[in-house]
2 protein chains.
Amino acid sequence: MDAVFKALADASRRDLLDRLHADNGQTLGQLCEGLPDMTRQAVSKHLAILEEANLVATIKRGREKLHYLNPVPIHEIGERWIGKFERSRLTALSELKKALEQEKRDE
Amino acid sequence: MDAVFKALADASRRDLLDRLHADNGQTLGQLCEGLPDMTRQAVSKHLAILEEANLVATIKRGREKLHYLNPVPIHEIGERWIGKFERSRLTALSELKKALEQEKRDE
DNA sequence: TTGACAGGCAACCAAAAGGTTGCATATTGT
DNA sequence: ACAATATGCAACCTTTTGGTTGCCTGTCAA
């Protein structure tokens, strides 16, 4: 879970996921074309991190490696982490508002 | 948005959010008690990062500073980022399965 | 008013992250 | 077979990150 959050912390990696979301099963070379300001090795490292976090699954087809998005860990973030805060979204806001008003009153 | 993902990348910071979720409006000192393996300044830095990312709002009350969880940015992650991948969760999995089977056939 | 308490600021440090270059390996098409 | 293609590996460098220590500021309470 920590690996997933860490993997999502980088904008380039989120971009790679977006790119795979738009067109799944791309090779390293194809993905590099979308990120012209980075060397192939840098992209490769990012993909390795995404793979490590289980956000990307790969298949070797001959000399190329196809990258597939695995949305399950992201889904789990939504389930286990966001849901919990979601539930208290409005509650927390109204509490915050109440606390702020309390502050005003105390001045 | 990038700041939110970066802020969520650290386990200690996620822990702080959990702690505020359990008991909102805590002071720096109170939050430090829950993280005995870290100095007050380290915790303070983490809280500053969370505040920068708008995940925590603070109110100064006398000499102490109360920290309130702001779940809105997390909710936005769910809306703008997870929703998109959520929609394709099963689809992507079945496509991955299909691709894997295709690989088998090509061997 | 003077300690004690809550927190802020700045310099510094080690480790991790992001990136590069250079070379090696495996596969494919001719 | 061989040149081109697709990727992997490793060393290295710079910046960011997470953390520390030391000191300063503001506030409360006796």
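Reading the values: the criteria
- For every chain, the first residue of its written sequence is number 1, and the numbers climb from 1 along that sequence.
- Lettering of chains starts at A and numbering of ligands starts at 1, both following the order in which they are written.
- Residues qualify for local features only when their pLDDT is at least 70, as the model is predicted, and side-chain atom pairs are given and counted only at 80 or more; totals for whole chains, interfaces and linings, by contrast, use all residues.
- The pairing criterion is simple: DSSP has to find at least two bridges between the two strands.
- Only runs of H or I of at least four residues qualify as helices and only runs of E of at least two qualify as strands under DSSP, and these elements are numbered from the N terminus.
- Residue pairs qualify as contacts under a 7 Å threshold applied to their C-beta atoms, which are placed from the backbone.
- Axis definition: a line fitted to C-alpha atoms, limited for helices to the stretch in contact. Angles are taken between N-to-C directions and run from 0 to 180 degrees.
- An angle counts as roughly parallel when it lies under 35 degrees, as roughly antiparallel when it exceeds 145, as roughly perpendicular when it falls between 65 and 115, and as oblique in every other case.
- Ten residue types, Ala, Val, Leu, Ile, Met, Phe, Trp, Tyr, Cys and Pro, are classed as nonpolar, four, Asp, Glu, Lys and Arg, as charged, and the remainder, Gly among them, as polar.

(A) Structural context of the sheet that holds strand 2 (residues 56–61) of chain A. Residue and element names in this part refer to chain A. Strand order across the open sheet formed by 3 strands is 1-3-2, with antiparallel pairing between neighbours. Lying at the two open borders of the sheet, with one neighbouring strand each, are strand 1 (26–27) and strand 2. Sheet topology places strand 1 next to strand 3 (residues 64–69); 2 bridges connect them, and they run antiparallel. Each residue of the ladder has a partner; that of Gln-26, found in strand 3, is His-67. On top of the sheet, helix 2 (residues 11–22) reaches strand 1, strand 2 and strand 3; it is set at about 90 degrees to strand 3, its chief contact.

(B) View of the pairing of strand 3 (residues 64–69) of chain B. Residues and elements named next belong to chain B. One ladder, built from 6 bridges, connects strand 2 (residues 56–61) with strand 3; its direction is antiparallel. Considered in strand 3, the bridge of Thr-58 is made with His-67. Here strand 2 folds back onto strand 3 in antiparallel fashion, the turn holding 2 residues, of which Gly-62 has a positive phi close to 60 degrees.

(C) Structural view of the packing of helix 2 of chain A against helix 4 (residues 40–52) of chain A. Residues and elements named next belong to chain A. Two elements in contact, helix 2 and helix 4, have axes whose closest approach is 10 Å; the angle formed by their N-to-C orientations is 75 degrees. For the element pair helix 2 / helix 4, the angle class is roughly perpendicular. For the pair formed by helix 2 and helix 4, the contact residues are Ser-12, Arg-13, Leu-16 and Leu-17 on the first element and His-46, Leu-47, Ile-49 and Leu-50 on the second. Here the contact of helix 2 with helix 4 is composed, by residue class, of 5 nonpolar, 2 polar and 1 charged.

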